[in-house]
Amino acid sequence: MNLISIPAFQDNYIWVLTDDTNHCVIVDPGEAAPVLQAIEENQWQPDAILLTHHHHDHVGGVTALRAKFPHLVVYGPAETQDKGTTRVVEDGDKILILGSEFSVIATPGHTLGHVSFFSFPYLFCGDTMFSGGCGRLFEGTPAQMYQSFQKINALPDETLICCAHEYTLANMKFARHILPEDRAINDYYHKVNELRAKNQKTLPVILKNERKVNVFLRTDDPVLIDKINKETTMQHPEACFAWLRAKKDNF
C-alpha cells in the first residue's frame, strides 16, 4: 500500500491509500476538487471513502465524488449518515478494502460519534490525535478524549498517525510552554519549525515517537504531574489530561 496526502483548505490533509493496481481508498475528503485532480493525474480507481466524523472539512467532497464514481462505498459513523455515508460503522467493526482489513475504533471527544480506522501501520484518526496535540472538544468530554487517547496509545509502536490537520508547530509551541526544559520536545519543535519554514509537511508521525513529544500522551509522567501541581493539585492522568486541554484552549 502507498500513502499519499492531498492538501486541502488551509491546513487539512486528505489521505489516500493506493494498492499496486492503482485502486484507492480516500479518507475524509473535505473537498472534491483536489481529490478529483489527483485521481485524474495518477489514474487511480477509487473503491471507497472513509469518514471519521461529520464536520464539513472532512465530508464536504463526498457528494461530488459519488456523483463522479457512483459505485463508491462510503464508510462512516452514524453521525455521517446525512453526509453521504452508505455503510454505517461502529466500534469493533472490521471492513475489507483493497484486500486489507480495517478495524473501526470509537474515538469520541472531538465529536460524540468520531471513529478512527486502523490497518497496520496506518491509523486514520481524523481530529482525535494530532502530532503533539489533541483535537478540540466540540461535543465530547475530556474523559472521553482521554479514553480515546488510551486506545490509540495501545496500538503498536510503529503505527503511523495519519491525522487530518497540519497543527504540529502550534502544538509543539504549547508543549514547550508546558515543559520548556524537555529535550525530546525541544528537539522535535526545532525539527518541525525547520520543516514548516520550508513549507514541508510534518505528517504522518510514528506513535513511538509521539509518546515522547505529545504531552497528552504523557499524563502519567511524574515530570508533567509535578509541573501541573505547581498550579493545582491533581495526580490522576485523566484530570491532568483535562487540565492540559483547558490550557491549550486558552493558549
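Residues numbered from 1 in each chain as written. Predicted model: local features only at pLDDT ≥ 70, side-chain atom pairs only at ≥ 80, totals over all residues. Heavy atoms only, no water.

### Observations regarding the overall build of the protein chain
Logical step 1: If you tally the helices and strands in the protein chain, you get nine helices and 14 strands.
Logical step 2: Against the 2.2 N^0.38 benchmark of 18 Å for 251 residues, the protein chain shows a C-alpha radius of gyration of 18 Å, consistent with a compact globule.
Logical step 3: Principal axes of the C-alpha set define a box for the protein chain whose edges measure 55 × 40 × 30 Å.
Logical step 4: The burial tally for the protein chain puts 53% of its 251 residues in the buried class.
Logical step 5: Within the protein chain, counting contacts between residues at least 6 apart in sequence, those at least 24 apart form 60% of the total.
Logical step 6: Carbon together with sulfur atoms contributes 48% to the accessible area of the protein chain, which is approximately 11,300 Å² in total.
Logical step 7: Side chains of the protein chain carry 23 positive and 31 negative charges; the gap between the two charge centres is 6 Å. (Helix = DSSP H or I, 4+ residues; strand = E, 2+ residues; numbered from the N terminus. Rg over C-alpha atoms; globule rule 2.2 N^0.38 Å. Buried < 20%, exposed > 50% of the residue type's maximum accessible area, 1.4 Å probe, protein only. Contact = heavy atoms within 4.5 Å. Areas by Shrake-Rupley, 256 points an atom, 1.4 Å probe, with all protein chains shown as cover. Lys, Arg positive; Asp, Glu negative; His and termini not counted. Charge placed at Lys NZ, Arg CZ, Asp CG, Glu CD.)

### Observations concerning the UniProt feature "binding site: Zn(2+) 1" (unreviewed entry) in the protein chain
Logical step 1: Here, the residues flagged by UniProt with the feature "binding site: Zn(2+) 1" (unreviewed entry) are His53, His55, His110 and Asp127. Spanning 75 residues, the named residues nonetheless gather at one spot, since no C-alpha pair among them exceeds 9.9 Å.
Logical step 2: Within the secondary structure, His110 is located in the loop between β8 (100-106) and β9 (115-119).
Logical step 3: Given the relative accessible area of 4%, His110 is considered buried.
Logical step 4: Non-local contacts of His110, meaning those with residues more than four positions away in its chain, are made with His53, His55, Asp127, Gly135, Arg136, Leu137, Phe138, Glu139, Gly140 and Met145.
Logical step 5: Along the chain, Asp127 falls in the loop between β10 (122-126) and β11 (129-130). (UniProt positions renumbered as here; feature names shortened; annotations may be inferred.)

### Some details on the pairing of strand β2 (residues 12-18)
Logical step 1: Most of β2 sits inside the fold, with seven of its seven residues counted as buried.
Logical step 2: Neither face of β2 is exposed, since Asn12, Ile14, Val16 and Thr18 on one face and Tyr13, Trp15 and Leu17 on the opposite face are all buried.
Logical step 3: Note that strand β1 (residues 2-8) and β2 share seven bridges and pair antiparallel. Within the sheet, the bridge partner assigned to Ile4 lies in β2 and is Val16.
Logical step 4: What sits between β1 and β2 in their antiparallel hairpin is a turn of three residues, with Phe9 showing a positive phi close to 50°.
Logical step 5: As defined by bridge partners, β2 adjoins strand β3 (residues 23-27) across four bridges and the pair is classed as antiparallel. Following the sheet pairing, Thr18 is matched in β3 by Cys24.
Logical step 6: Two successive antiparallel strands, β2 and β3, enclose a turn made up of four residues, where Asn22 displays a positive phi of approximately 70°. (Pairing = 2+ DSSP bridges.)

### Examining the sheet that holds β10
Logical step 1: Ordered in space as β7-β8-β9-β10-β13-β14, the six strands form an open sheet in which the pairing is mixed. In this open sheet, the two strands that pair with only one neighbour each are β7 (94-97) and β14 (205-206).
Logical step 2: For β10 and strand β13 (residues 160-163), the ladder comprises four bridges, and the chain directions are parallel. Along β13, the bridge assignment pairs Gly126 with Cys163.

### Some thoughts on the environment of Asp220
Logical step 1: Tracing the sequence through the fold places Asp220 in the loop between α7 (207-213) and α8 (222-228).
Logical step 2: Those residues in contact with Asp220 that lie beyond four places of it in its chain are Ile225 and Pro237.

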